[in-house]
Amino acid sequence: MGARERILIRIAAARGTTESADIGDAIRRHSRGPMPRIEKDLVPRFRDRVIKLACDVAAVRAVNEAPPVAARYLSEHHLPPRAVCWPELNALDWRSAGIDTQARAARGDDMVGITGAFAGIAETGTLMLLSGPQTPATVSLLPETHIVVLEAGRIVATMEDAWDRLRSEHGKLPRAVNFVSGPSRTADIEQTVTLGAHGPYRVLIILVGVQAKSL
Amino acid sequence: MQVTAMHFKRKAGANLRNEKLQKALEKLQSKFVDGRAVVIAELSDFEGLRDAAAAIRDRVLNNLDGYLQHFEQEATARGAVVHWAETADDVNRIVAEIAAQHGVQRIVKSKSMVTEECGLNDFLESRGLTVLETDLGEYILQLAKEPPSHIVAPVVHKSKEDIADLFEQKHHRPRTTQITELCREAREVLRPGFLAADMGISGGNFIIAETGSVLIVTNEGNGRLSTTLPRVHVAITGIEKVVPTLEDVTTLLRLLPRSATGQSITNYVSVLTGTKGKEDADGPEHFHIVLLDNGRSRLLGTELQPMLRCIRCGACMNHCPVYQNIGGHAYGWVYPGPMGSVLTPAFVGLENALDLPNASTFCGACAVVCPVKIPLPDLLRQLRHEQVKRHLRPWQERAALRLWSWLAQRPAWYALGTRLVVRLLCLFAGSGKRLRHLPGVSGWTNGRDMPAPTGRTFRELYRSGRT
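Residues numbered from 1 in each chain as written. Chains lettered and ligands numbered in written order. Predicted model: local features only at pLDDT ≥ 70, side-chain atom pairs only at ≥ 80, totals over all residues.

A. Region of interest: the overall build of chain A. The helix and strand inventory of chain A stands at five helices and 12 strands. For chain A, the spread of C-alpha atoms along the three principal axes comes to 70 × 40 × 40 Å. Counting across all 215 residues of chain A, residues that qualify as buried make up 47%. Contacts in chain A between residues far apart in sequence, at least 24 positions, make up 75% of those at least 6 positions apart. (Helix = DSSP H or I, 4+ residues; strand = E, 2+ residues; numbered from the N terminus. Buried ≥ 20, exposed ≤ 12 C-beta atoms within 10 Å, placed from the backbone. Contact = placed C-beta atoms within 7 Å.)

The following block contains the structure:
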């Protein structure tokens, strides 16, 4: 008998029966816990929360307006106009905006990463990114600057809503679901919050499909 | 990790006199305690959320074998390999075998208290492997060769000057005490380590039965790097960390960062399922999950079972007046504070941690802040009972209690005894009416004077008042 069996037997003995309970049913119900109240207008709520998390935000009406906004941001921050980009987003006209993009996974020396996001979560101002061939996980992680193009229609109220949307659109989980809430940070030294630990120092979220004045 | 909980009293005393440590602990209190209070106020029904979280954890613990097997089935279906470890030694052996199997030389680690239980780093290094801690706090401790003193903020006992000295000595770069500069320096030193690593080791804040996933919460991004870049990922966690569904883990996530660091959510929450797909451009090719028992299953079905609800937020230690004054190292093992005072005796044996259940004023703050409503003072009291039952208390204490019990059951002797003691104390105090020294309880009188009794016992006064 191996460790697995011995551990399972000890657990069953503590329960007072050697039969395992049927838990599949409980899992399939997906019942939710107490839910927070989130205002109906999700976009302003999302925007307020990401700003509190030290993200930068811009709004554009259509996705083709995103590259010039990104280019302006890079020049304002004295960053090189070169980026690694999700293959999924590389069809956008980055070149005309003056950004030289490469569609691939990120390497250690990439300075700027451009990604989309599967969803935005208004409750906490969180981005939800799924890994995949067209959406490599490293692009949002290795570069010091992370630029996110997010359709406003993909902003949901809570993480529970995001899970439902993932189940209905993809069925199963990708290798990695990464929830990102602002630039990486650490407070390990004297509990003093410092932005830019091992991940990005800054995150720009370009919200697509919103009138600037509606924010 | 070696257990030194038997030296609790000596270490606690030394730490109380350590001014630098006292200053560091004050900071922890102001940041984490106040920060938590602010983000808790965001929630309209915090109590309801705590009840729901405790219920989720209890549901799992009451059917732990079923949930673990469901998790194993789902994880395996996605290409992960699930290992079961009964002891810390088993974990070390399993990880070394995985490393050998995949030809691993260089390992990066993100913070894991379970691997501290196992002393995994020392073991792997003794096998000739390179292990690099990548959480900033854990990296600093690896350089300083010290154990963590807090489960969330492991390096809380060090000042930025200490860290500046350490970095200067180890990195051979100009000394800086700017915290942002120290963080950048660590990033620059560690980045090549991530890129060159063959294996990443992480903990697992939760494992999800529904999907066979491991969930990791981090702020720095080192957890993501360690589990994305190397070709092998090993996640090591306790068997009690399983949660039924994505919805359940979401409920717990509303509590964990708020209780831990006063954040509504941590920067990164990663849900990792299976291995890199054929077309994927990044991610590990091999995913091993090690589930550790190490005494956990022994707690099931006992009065200590509620301790297994613990989600390792650290709120109990942040709010504990004892921890706030002595810091984490005094507790002598991986887990400090009230949760550690229950876990350490439970895992390493009550006889090896005699002082820990007594390292509490029973003020109850830990139970009030616990996000999964663990009745910590009750559990500590239970361990005190256990100590007495097993005759583990010192003979002086047992003799004194026996004498007390004998006297308390004999009113005449009791009256005589108290009359004698009261008069004796009066005599000791002399004209000053204050007792500056008392033989046998110098620990108490070293820091304070005791007012001398008035000369008559309560019973004498009571009787004279009635007649």
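B. Layout of the overall build of chain B. The number of helices and strands found in chain B is 23 helices and 12 strands. For chain B, the spread of C-alpha atoms along the three principal axes comes to 95 × 55 × 45 Å. Residue burial in chain B is summarised as follows: out of 467 residues, 50% are buried. Contacts in chain B between residues at least 24 apart in sequence constitute 74% of all its contacts with a sequence separation of at least 6.

C. A look at the pairing of strand β4 (residues 112-115) of chain A. Residue and element names in this part refer to chain A. Every second residue of β4 is oriented toward a common face, with V112 and I114 on one face and G113 and T115 on the other, all of them buried. Across two bridges, strand β2 (residues 82-85) lies against β4 in parallel orientation. Across the sheet, residue C85 finds its bridge partner in β4, namely I114. With four bridges connecting them, β4 and strand β7 (residues 145-151) associate as parallel partners. For V112, the partnering residue across the bridge sits in β7 and is T145. (Pairing = 2+ DSSP bridges.)

D. Up close: the interface of chain A and chain B. Taken together, the contact between chain A and chain B spans 61 residues of the former and 78 residues of the latter. Those elements that provide at least two residues to the side of chain A that touches chain B are α1 (3-15), α2 (24-28), α5 (159-170), β9 (176-180) and β10 (185-186) of chain A. Looking at which element gives the most residues to the side of chain A that touches chain B, the answer is α1(A), with 10 residues. Among the residues forming the side of chain A that touches chain B, the class breakdown is 27 nonpolar, 22 polar and 12 charged. Sheet analysis places β9(A) next to strand β9 (residues 268-272) of chain B, joined by five bridges and oriented antiparallel. Bridging across to β9(B), A:N178 finds its partner in B:S270. (Nonpolar A, V, L, I, M, F, W, Y, C, P; charged D, E, K, R; others polar.)

E. Quick peek at helix α8 (residues 136-144) of chain B. Of the residues making up α8(B), those classed as buried are B:L136, B:G137, B:E138, B:Y139, B:I140 and B:L141. Here the buried face of α8(B) lies against β10 of chain A together with β3 (130-133), α9 (160-171) and α10 (179-196) of chain B.

F. Representation of the domain arrangement of chain B in the model. As assigned here, chain B comprises domain 1 (5-297) and domain 2 (396-466). Look at where the C-alpha atoms of domain 1 of chain B and domain 2 of chain B centre, and you get two points 52 Å apart. (Domains from an automatic or database assignment.)

G. Representation of the sheet that holds β9(A) within the structure. Reading across the sheet, the eight strands line up as β8(A)-β5(A)-β6(A)-β9(A)-β9(B)-β6(B)-β5(B)-β8(B) and stay open at both edges, with mixed pairing between neighbours. Every other strand in the sheet has two partners, leaving β8 (155-156) of chain A together with β8 (242-243) of chain B as the edge strands with one partner each. Bridge count for strand β6 (residues 213-218) of chain B against β9(B) is five bridges, and the pairing is antiparallel. Bridge pairing in β9(B) places B:V217 opposite B:V269. Sheet contacts for α5(A): β5 (119-121), β6 (126-130) and β8 of chain A; angle to β5(A), the most-contacted strand, approximately 160 degrees. (Axes fitted to C-alpha atoms, helices over the stretch in contact; angles between N-to-C directions.)

H. View of the packing of α8(B) against α9(B). Residue and element names in this part refer to chain B. Close contact between α8 and α9 brings their axes to 10 Å; oriented N to C, the two are set at 65 degrees. In the crossing of α8 with α9, the sense of the turn from one axis to the other is left-handed. Residues I140, L143 and A144 of α8 form the contact with α9, whose own contacting residues are I163, L166 and K170. Looking at the contact of α8 with α9 residue by residue, the classes come out as five nonpolar, no polar and one charged. (Left-handed = near helix turned anticlockwise from the far one by under 90°.)

I. The environment of B:D355, seen in detail. All names here are of chain B. Structurally, D355 can be placed in the loop between α17 (337-348) and α18 (365-369). Its 19 C-beta neighbours within 10 Å are what place D355 among the partly exposed residues. Along the backbone, D355 and G295 are 60 residues apart, and their C-alpha atoms lie at a distance of 20 Å.

J. Fine view of unusual backbone geometry. For A:E190, which is not a glycine, the phi torsion comes out positive at approximately 50 degrees. Looking at the secondary structure, you find A:E190 in the loop between β10 and β11 (194-195). Look at B:F362: it is not a glycine, yet its phi comes out positive at around 60 degrees. Take B:F362: it is sitting in the loop between α17 and α18.

K. Here's a closer look at the pairing of strand β1 (residues 81-85) of chain B. All names here are of chain B. β1 sits mainly inside the fold: four of its five residues count as buried. Relative to strand β10 (residues 286-292), β1 runs parallel, the two sharing five bridges. Following the sheet pairing, H83 is matched in β10 by V290.

L. Structural view of the packing of α5(A) against helix α12 (residues 246-253) of chain B. One can describe the packing of α5(A) onto α12(B) by two numbers: an axis separation of 10 Å at closest approach and a directional angle of 155 degrees. Between α5(A) and α12(B), the crossing angle belongs to the class labelled roughly antiparallel. α12(B) is crossed by α5(A), and the crossing has right-handed handedness. For the pair formed by α5(A) and α12(B), the contact residues are A:M159, A:E160 and A:W163 on the first element and B:L246, B:E247 and B:T250 on the second. (Parallel < 35°, antiparallel > 145°, perpendicular 65-115°, else oblique.)

M. Spatial organisation of the sheet that holds β1(B). Residues and elements named next belong to chain B. The sheet built from six strands is open, its strands ordered β1-β10-β7-β4-β2-β3 with parallel pairing. Every interior strand has two partners, whereas the edge strands, β1 and β3, have only one. In this sheet, adjacent strand axes meet at a mean angle of 20 degrees when their direction is disregarded. Where strand β2 (residues 106-109) and strand β4 (residues 199-202) come together, three bridges link them in parallel fashion. Paired with I107 across the two strands is M199, which belongs to β4.

N. Looking closely at helix α20 (residues 395-408) of chain B. With 14 residues, α20(B) should cover 20 Å at 1.5 Å per step; its first-to-last C-alpha distance of 20 Å lies within 8% of that length. Counting buried residues in α20(B) gives zero out of 14 residues, a small share hidden from the surface. (Expected span 1.5 Å × (residues − 1).)

O. Region of the structure containing the environment of B:K276. Checked against the element boundaries, B:K276 lands in the loop between β9 and β10. Aside from chain neighbours lying at most four places away, what touches B:K276 is A:R175, B:G283, B:P284 and B:E285.

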